[in-house]
Every structure is written in C-alpha cells, then in structure tokens.
Amino acid sequence: MINKIAKDKIEFKDNVISFFNKSFYFIESSSSLMIDQYEDYDAIILDARDFDFTRIIIKKFRSHSKIEFYLKPIFLINNRDNEDPFIKELVDGSIVSFDQIPETINDINQIQMRITQLEQSVASSIEIQIFKKVLNYMFTRSVNNLKPYADMNTSIGYSYPIISVNYDTFEDAKVLEILEWAEKENLIWPDFHDRIYLCSNCKGGHLSYREICPNCNSANMRSEDLVHHFPCGYIGAISDFKNNIDTVLNCPKCSKNLRHIGVDYDKPSIINHCQNCNEVFQDYTVKAKCIQCATDTDVQFLISKNINVYKLTKKGRTSALSGIVSSEFTLSDEVVGTVNTKIFATMMHYEQERIKSNINLSSNIVVFYFSNIFDLYRAIGRSKEKSLLSEFVSVIRSNITPADFICINNPSVISVCINDETIENVKIMVMKITDIIEELVMNNFDRFQLEISTHAAPISKQISFEKQIQNIIKDLVEQA
Ligand SMILES: [Zn+2]
Ligand SMILES: [Zn+2]
Ligand SMILES: [Zn+2]
C-alpha cells in the first residue's frame, strides 16, 4: 500500500523523474556522456549494468571542478553486488527499483543542506584546489577517513577513490604527493597500512623483479645446491655428483657414494651459473624492471612509500567550512614586474588617498580570474606555473602604462591598478588583454580554452580597498 502511494507520486518522462520537490535524471548506457546537461537536476540515478560506462560517468562527475557536478548525489540502479572500490566509495547508494526513490530524499536533502555550509573561495594552489574538493566531498557525505584500496586499475597498485578520481590513470603517484602535502599541512593523520616500491624514474608501481647475474645483468641463470663432501673435503655443484644411471650421488674427487646429509656431506649454500656469460657466483643481484618506462633499477634504489589510512584532523574537519589556510604561496615575489598582495594593498591605500584629495584624478582596479586554470596546471605540470603566469604578466604589462601596477593574488587571480584612465578605456584594454591571453594559451597548449572572467571598476572612495577587492573576487568566483 505504501509502495502504491509512493509510486503514484513519482513522475517519469524522457528519463526525467520528479518526486516531491526533487528532480532526478536517469542515465542509461545509451545516454550521452556529456554530463553538462545534467547540472540542474537534484540527483542522478545511474544504470550500473555496464561496468565501464558506470565508471566513466562517475569519474566525469566526481572529477569535475564545479560543485554542481562533483557533489551531485548519485544513486545506482541495477547494481549487481559491485565490489569495485571506485564505484562503492563515490556513489550515495543503490536502489533496486524506482519505487525506492522516496528513500533517497533524506540523503539528498542532507547533502544539499551541507553544500550550503561550504566555504567557497579561490584556491591559492593546485593542492588546495584538489584537497578542498576532497574535504567538501567528505563533509557532505560524513566521511572522516581516507582508506587505500588495492586497485589493479592504478599504476601504484592502490587507490584512494575520493582523491584518485581527480587524476588520470598513471598519475597515481601524484595522489601520494597530495596526501604528503595534506599531512604536512596538518589536515590528516597517517596510520600505517602497507609499503610499496615505485620506479625511480617514472614512479610507476608495475615492476618485474628478477634475480640477475652480477657480471652481465642477464636473468638467464641456473641455481643449484652446493655440496660439501666431508671425507675428502671436496666442494662443488650438485650436478658434479650426479650420474646418468641412478639417483645415487658420487663424489667426483674420491668416487665414494654420498650417504646421509648431515652425516657425510651437507649443502652449505647455493651456487649460480649464468647461462649467458658463464660466470659462476654465489650472490645474485635483484633488479626491478619498470613495465611502464623499462628502466631497470637495483632494488635498493627504488622509491619506497608508505600507504596509510588517513584520518581527518580537527583542522581537516573544519577546513571544508572555513577554507584551507596555507602560507605556501609566494609567487608574487618571484614574478618580475609584480608586487605581492600586502604591498599591493598598501599602494592601493595611498592611491585611494590620492584620488580622494583631487576630483580630477581617477584610478581603477581590474581583476582577472582564470576559472579553469588548474586544469591547465595539471596538464602542464606545477613547475610551469610560474613561467605561465610570467607570460600573462608580460601581456598585461605591455598593454598598460609603466606607472600602473600588477599583483598576482594567487595562481588563478591577477589584479591590476590602472591610473588616470576612463573606465571605458580600461574596459577596452581589458578586452584586448583577455583576447591575447586566450589566444596565447590556445596556441601553446593544445587548443586549451582558458576561461577568463574579468571585472573593472573605479576605485571606491567610500569602502576600504581590501573590502572592495574581496567583493570583486568573490563575485567573479561565484559567477564563473
Ligand atoms: Zn618507470
Ligand atoms: Zn652473466
Ligand atoms: Zn669426496
């Protein structure tokens, strides 16, 4: 009877399901892989019959950089006891039939309520951007620890699904790097679980271990027991004692039969014979050949890493709501032609005083926000972050006057103070700069479409500069 009432209220039309005041989209294996069209639904019901398809859809949502996607409630249907950790950790549950949709409403409400509590500001580094996503996911799902799972689909043999989903296959070593970073920032506590060894060249974990000849590095060797005959003192490989007729061992030196191990002979060790260079030796070398890059490394030089279970610290638990505070960002001091945020604020304060005292003077603040730049940093690598920002700065510099000044607020925000220009002219300059930067990125980074939002405004004479720029950045981030 309860089922019947519930069923009556569930409306189903063209894969869109409505119940109560919530809307669901039902994704089947025949549905589009373009997930952008699912942004406005409250939740997703995902048909899990096709394993690969299920994984792809989950990855698309959870690796997205927008909250509307990566925190979207996802429920599986037709899920046949799937033990894949990636799928289990990254969905909000399973339903057996659409009749159970009413049972998901509480979870959806809970997640949506928690999303409203999240702090949302510009990340000042790629680590903060990714780890804040992880913390947001954990907070909205009431998860307090990060567990490693043995996982064949990764290059290191382990995955932490909530983190790993943000990286491509073969980038799994970066998952360990961000965990090390988060541990240093006191966001998580480690509990030892296992140790792994990685290639010293590419950090891959798919290694083939071989015992090899110390003389020629060949793995083509034969090992046999070494035999010590007590009566005559002869020591030699066991094959020297064998004959073709029976299993009795005869000493090649004194011709006596060997009788009892431990009484008239023993096997003190093993002897190795290289089939390639004929060398005979007792101790072989162990090397690990990387399946990914073919580097052959002496095992003592492999990179060893601990695989830990991590618990959120108090700082970790509150950072979803308050933001991750890290003092690491120092780029502004390093890029020529820019000032850091503190000096920028001081200069802007004087600027404000200058324009207050003379109505003929004016000054403008321009903020550039590169909303998807972390996707680009991820593709080109952290080390190129500085040179890319330096390029942006020189584009801006060549379109403003030497008296104007530039500040890199963080890797995705650059602000500029432009003096004694009308706001109309400033807006034209900003459009020109934006076009040049977009084109520069597109031509140099594989047609990457950098999304730039900008805001230009006269400097306020009423509110403090800090307040004004804070509001501008907040608006830009929320609109992007
Ligand atoms: Zn390698
Ligand atoms: Zn050899
Ligand atoms: Zn003998």
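Here the residue numbering is sequential within each chain, running from 1 through the sequence in written order. Chains carry letters and ligands carry numbers; both start at the beginning, A for chains and 1 for ligands, and go up in the order they are written. Side-chain atom pairs in this predicted model are given and counted only at pLDDT of 80 or more, local residue features only at pLDDT of at least 70, and totals for whole chains, interfaces and linings cover all residues. Note that water and hydrogens are dropped before the side-chain values are worked out from all heavy atoms of the structure.

(A) Spatial organisation of the overall build of the chain. Numbering goes from the N terminus for both helices and strands, where a helix is a DSSP run of H or I of at least four residues and a strand is a run of E of at least two. Looking only at helices and strands, one finds 15 helices and 23 strands in the chain. Relative to the 2.2 N^0.38 estimate, which gives 23 Å for 480 residues, the radius of gyration of the chain is 32 Å and therefore markedly larger than a compact globule would have. Across its three principal directions, the C-alpha atoms of the chain cover 115 × 75 × 40 Å. Throughout this description, buried means an accessible area under 20% of the type-specific maximum (1.4 Å probe, protein chains only), exposed means over 50%, and partly exposed covers the range between. A buried classification covers 47% of the 480 residues belonging to the chain. Here the accessible surface of atoms and residues is derived via Shrake-Rupley with a 1.4 Å probe, and residues count as covered only by protein chains that are part of the display. Per element, the accessible surface of the chain, about 25000 Å² overall, is 50% carbon and sulfur. All tallies of charge rest on Lys and Arg as positive and Asp and Glu as negative; His and the ends of each chain are not included. For this purpose, a charge sits on NZ of Lys, CZ of Arg, CG of Asp or CD of Glu. A gap of 3 Å separates the mean positions of the 51 positive and 63 negative side-chain charges of the chain. Computation of the radius of gyration draws on C-alpha atoms alone. For the globule rule, the value is 2.2 Å times the number of residues to the power 0.38.

(B) Summary view of unusual backbone geometry. Phi is positive for Ala 294, close to 70°, though the residue is something other than glycine. Here Ala 294 is to be found in the loop between strand 16 (285-290) and strand 17 (296-298). You will see that Arg 447, though not glycine, has its phi angle at about 60°, which is positive. Along the chain, Arg 447 falls in the loop between helix 14 (423-444) and strand 23 (452-458).

(C) Here's a closer look at the packing of helix 6 (residues 126-140) against helix 9 (residues 314-322). Fitted lines through C-alpha atoms serve as axes, helices being fitted only where they are in contact, and the angles separating the N-to-C directions of these axes extend from 0 to 180 degrees. Between helix 6 and helix 9, the shortest axis-to-axis distance is 9 Å and the interhelical angle comes to 95°. Overall, the two elements helix 6 and helix 9 adopt an arrangement that is roughly perpendicular. Of the residues in helix 9, those in contact with Lys 132, Leu 135, Asn 136 and Phe 139 of helix 6 are Gly 316, Ser 319, Ala 320 and Leu 321. Taken together, the residues of the contact of helix 6 with helix 9 sort by class into four nonpolar, three polar and one charged. Comment on the angle field: the value is read as roughly parallel under 35 degrees, roughly antiparallel over 145, roughly perpendicular from 65 to 115, and oblique elsewhere. We call two residues in contact whenever any of their non-hydrogen atoms come within 4.5 Å of each other. Each residue gets one of three labels, nonpolar for Ala, Val, Leu, Ile, Met, Phe, Trp, Tyr, Cys and Pro, charged for Asp, Glu, Lys and Arg, and polar for the others, Gly among them.

(D) Fine view of the coordination of the zinc ion (ligand 2). Coordination of the zinc ion (ligand 2) by the protein is provided by Cys 213 (SG), Cys 216 (SG), Cys 274 (SG) and Cys 277 (SG), with metal-donor distances spanning 2.2 to 2.4 Å. In this structure, the zinc ion (ligand 2) is coordinated by four donor atoms arranged in tetrahedral fashion, with angles at the metal of 104 to 116°. In this description, a donor is an N, O or S atom within 2.8 Å of the metal centre, a cutoff extended to 3.2 Å for sodium, potassium and calcium. Water is not part of the atom list, which can make sites seem incomplete. Four donors are marked tetrahedral only if all angles between them lie between 85 and 135 degrees, whereas four are marked square planar and six octahedral if opposite donors are more than 155 degrees apart and the other angles lie between 65 and 115; the remainder are marked irregular.

(E) Here's a closer look at the domain arrangement of the chain. Domain parsing of the chain yields domain 1 (2-117), domain 2 (126-202 + 305-322), domain 3 (214-283) and domain 4 (331-479). Domain limits in this description derive from either an automatic procedure or a database domain assignment. A C-alpha centroid distance of 78 Å is found between domain 3 and domain 4.

(F) Structural view of the coordination of the zinc ion (ligand 3). The zinc ion (ligand 3) binds to the protein through His 229 (ND1), Cys 232 (SG), Cys 251 (SG) and Cys 254 (SG), with metal-donor distances spanning 2.0 to 2.4 Å. Binding-site remark: the zinc ion (ligand 3) is held by donors from one chain whose sequence spacing is H-x2-C-x18-C-x2-C.

(G) The arrangement of the nonpolar core in detail. Phe 131, Leu 146, Ile 163, Phe 392, Ile 414 and Ile 437 are the most contacted members of the largest nonpolar core, which totals 90 residues. Other than its neighbours up to four places away in sequence, Ile 414 contacts Val 366, Val 367, Phe 368, Phe 370, Leu 389, Phe 392, Val 393, Ile 396, Ile 406, Cys 407, Ile 408 and Asn 409. Within this scheme, the nonpolar core is defined by two criteria: the residues are buried Ala, Val, Leu, Ile, Met, Phe, Trp, Tyr or Cys, and they are joined through side-chain atoms within 4.5 Å.

(H) Looking closely at the packing of helix 12 (residues 373-380) against helix 13 (residues 385-397). Between helix 12 and helix 13, the shortest axis-to-axis distance is 10 Å and the interhelical angle comes to 130°. One element, helix 12, and the other, helix 13, form an angle in the oblique class. Facing Ile 373, Leu 376, Tyr 377 and Ile 380 of helix 12, the residues of helix 13 in contact are Glu 385, Leu 388, Leu 389 and Phe 392.

(I) Representation of helix 9 within the structure. When helix 9 is considered as a whole, its buried residues turn out to be Gly 316, Ser 319 and Ala 320. Along helix 9, the residues classed as buried sweep out an arc of 100° about the axis, all on the same side. Buried-residue contacts for helix 9 involve helix 6 and strand 18 (303-312). Once helix 9 finishes, Gly 323 follows within two positions and takes phi at roughly 90°, a positive value. The directions considered for the arc are those from the helix axis to the C-beta atoms.

(J) Expanded view of the side chain of Asn 372. Tracing the sequence through the fold places Asn 372 in the loop between strand 20 (363-370) and helix 12. Polar contact is defined as a pair of N or O atoms within 3.5 Å, subject to the rule that within protein one atom must be able to donate a hydrogen and the other to accept it, and that residues adjacent in sequence are counted only when both atoms are side-chain atoms. Of note is the side chain of Asn 372, whose polar atom sits 3.0 Å from the backbone oxygen of Gln 449. The residues contacting Asn 372, other than those within four sequence positions of it, are Phe 448, Gln 449, Leu 450 and Glu 451.

(K) How the structure looks around the pattern of salt bridges. The term salt bridge refers to a pairing of a side-chain nitrogen on Lys or Arg with a carboxyl oxygen on Asp or Glu at a separation within 4 Å. Summed over the entire model, instances satisfying the criterion amount to 17 salt bridges. Note that Glu 177 and Lys 203 form a salt bridge whose closest N and O atoms lie 3.1 Å from each other. With Glu 177 in helix 8 (residues 172-184) and Lys 203 in the loop between strand 10 (188-198) and strand 11 (207-212), the pair connects residues that are 26 residues apart, well separated along the chain. Across the pair Asp 420 and Arg 354 runs a salt bridge whose closest N-O atoms are separated by 3.6 Å. One end of the pair, Asp 420, is in the loop between strand 22 (413-419) and helix 14; the other, Arg 354, is in helix 11 (residues 341-357), and 66 residues separate them in sequence. Each of Arg 62, Asp 92 and Arg 141 takes part in salt bridges that share partners, so that together they form one network.

(L) A look at the sheet that holds strand 12 (residues 221-229). Across the sheet, which stays open at both edges, the four strands sit in the order 13-12-14-15 with antiparallel pairing between neighbours. The open sheet has two edge strands, strand 13 (235-237) and strand 15 (280-281), and neither has a second partner. We call two strands paired when DSSP finds no fewer than two bridges between them.

(M) Spotlight on the packing of aromatic side chains. Geometry of aromatic contacts follows a simple scheme: Phe, Tyr and Trp rings, the Trp one being its six-membered ring, pair when their centres are within 6.5 Å, and the pair is stacked under 30 degrees between planes, edge-to-face over 60, tilted otherwise. Using the criterion set out here, one finds 15 aromatic pairs in the structure. On the basis of an interplanar angle of 50° and a centroid distance of 5.2 Å, the ring pair of Tyr 25 and Tyr 41 is categorised as tilted. In this pair, Tyr 25 is assigned in strand 3 (residues 22-27) and Tyr 41 in the loop between strand 3 and strand 4 (43-47), connecting sequence segments 16 residues apart. Taking the relative accessible area as the measure of exposure, Tyr 25 reaches 14% and is therefore buried. An aromatic cluster is present here, built from Tyr 25, Tyr 38, Tyr 41, Phe 61 and Phe 69 joined pairwise through their rings. We call a charge positioned over a ring when the NZ of a Lys or the CZ of an Arg lies within 6 Å of the ring centre and within 35 degrees of the ring normal. Note that Arg 55 overlies the ring of Phe 86, its terminal NZ or CZ placed 4.2 Å from the centroid.

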